[in-house]
Amino acid sequence: QVRVVESGGGLVQAGDSLRLSCAASGRTFSNLPMGWFRQAPGKGREFVAAITWNGINTDYADSVKGRFTISRDNAKNTVYLQMNSLKPEDTAVYYCAIRARVAALPSIHSYDYDYWGQGTQVTVSS
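First, a word on what this report is: a plain description of the structure on this page.

Criteria and thresholds
Residues numbered from 1 in each chain as written. Predicted model: local features only at pLDDT ≥ 70, side-chain atom pairs only at ≥ 80, totals over all residues. Heavy atoms only, no water. Helix = DSSP H or I, 4+ residues; strand = E, 2+ residues; numbered from the N terminus. Buried < 20%, exposed > 50% of the residue type's maximum accessible area, 1.4 Å probe, protein only. Contact = heavy atoms within 4.5 Å. Areas by Shrake-Rupley, 256 points an atom, 1.4 Å probe, with all protein chains shown as cover. Pairing = 2+ DSSP bridges. Disulfide = S-S within 2.5 Å. Core = buried A, V, L, I, M, F, W, Y, C linked by side-chain atoms within 4.5 Å.

### Here we look at the overall build of the protein
Inference 1: A count of helices and strands for the protein gives zero helices and eleven strands.
Inference 2: Beginning at the N terminus, the succession of helices and strands in the protein can be written as β-β-β-β-β-β-β-β-β-β-β.
Inference 3: Considering only C-alpha atoms, the protein reaches an extent of 40 × 25 × 25 Å along its principal axes.
Inference 4: Here the protein, with 126 residues, has 44% of them falling under the buried criterion.
Inference 5: Here the analysis covers contacts within the protein between residues at least 6 apart in sequence; of these, 60% occur between residues at least 24 apart.
Inference 6: Accessible surface, the protein as shown: approximately 6200 Å² in total, 47% of it carbon and sulfur.

Next comes the structure, spelled out in structure tokens:
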């Protein structure tokens, strides 16, 4: 059974940094694209970042470019999201997502992802 578990969320002040981790188990993930999405209170789920299986190709939402970095460690079946210069508008539940099919490019669309974690809360105070 596939399990996707996020960790690393918390309450921080504006300008601080956090690193989210997402550990997957239950099948081979080293050849699959991974991504991060987030959902703020009262809003829909939005794309944050995505990465291909080899880490060569990444994509970011405009709102986080230059501040967030996605990376992965295939030996650990883990994907990370380094978040710097956090802003109050980054407050949301952050979800890790994994595609079940091999793809050459990262996807920004939630419907392309098959496995999801339960989410981790990130709260940024001003």
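### Quick word on the pairing of strand β5 (residues 45–51)
Inference 1: Where burial is concerned, most of β5 is hidden: five out of the seven residues are buried.
Inference 2: The pairing of strand β4 (residues 34–39) with β5 spans six bridges and is antiparallel. Residue pairing for β5: M34 is matched across the bridge by I51.
Inference 3: Bridging between β5 and strand β6 (residues 58–60) involves three bridges; their strand directions are antiparallel. In the sheet register, I51 faces β6, and the bridge partner there is T58.
Inference 4: Remark: six residues form the turn of the hairpin made by β5 and β6, two consecutive strands paired antiparallel; G55 in that turn has positive phi of roughly 80°.

### Here's the deal with the state of the cysteines
Inference 1: Tallying each qualifying case throughout the model produces one disulfide.
Inference 2: Sulfur-sulfur distance for the disulfide between C22 and C96 comes to 2.1 Å. Taking the sign of the S-S torsion, about -75° here, the bridge from C22 to C96 comes out left-handed. With C22 in strand β3 (residues 18–25) and C96 in strand β9 (residues 92–98), the pair connects residues that are 74 residues apart, well separated along the chain.

### Observations regarding the nonpolar core
For soluble globular proteins, the rule of thumb is that nonpolar side chains tend to be buried together.
Inference 1: Residues W36, L81, M83 and Y94 are the most contacted members of the largest nonpolar core, which totals 34 residues.
Inference 2: Sorting the residues of this core by element identifies β3, β4, β5, β7 (68–73), β8 (78–83), β9 and β11 (120–125) as the ones contributing at least two each.
Inference 3: If we ignore the near neighbours within four places in the chain, the residues touching Y94 are E6, L20, W36, F37, R38, V48, F68, L81, M83, G119, T120 and V122.

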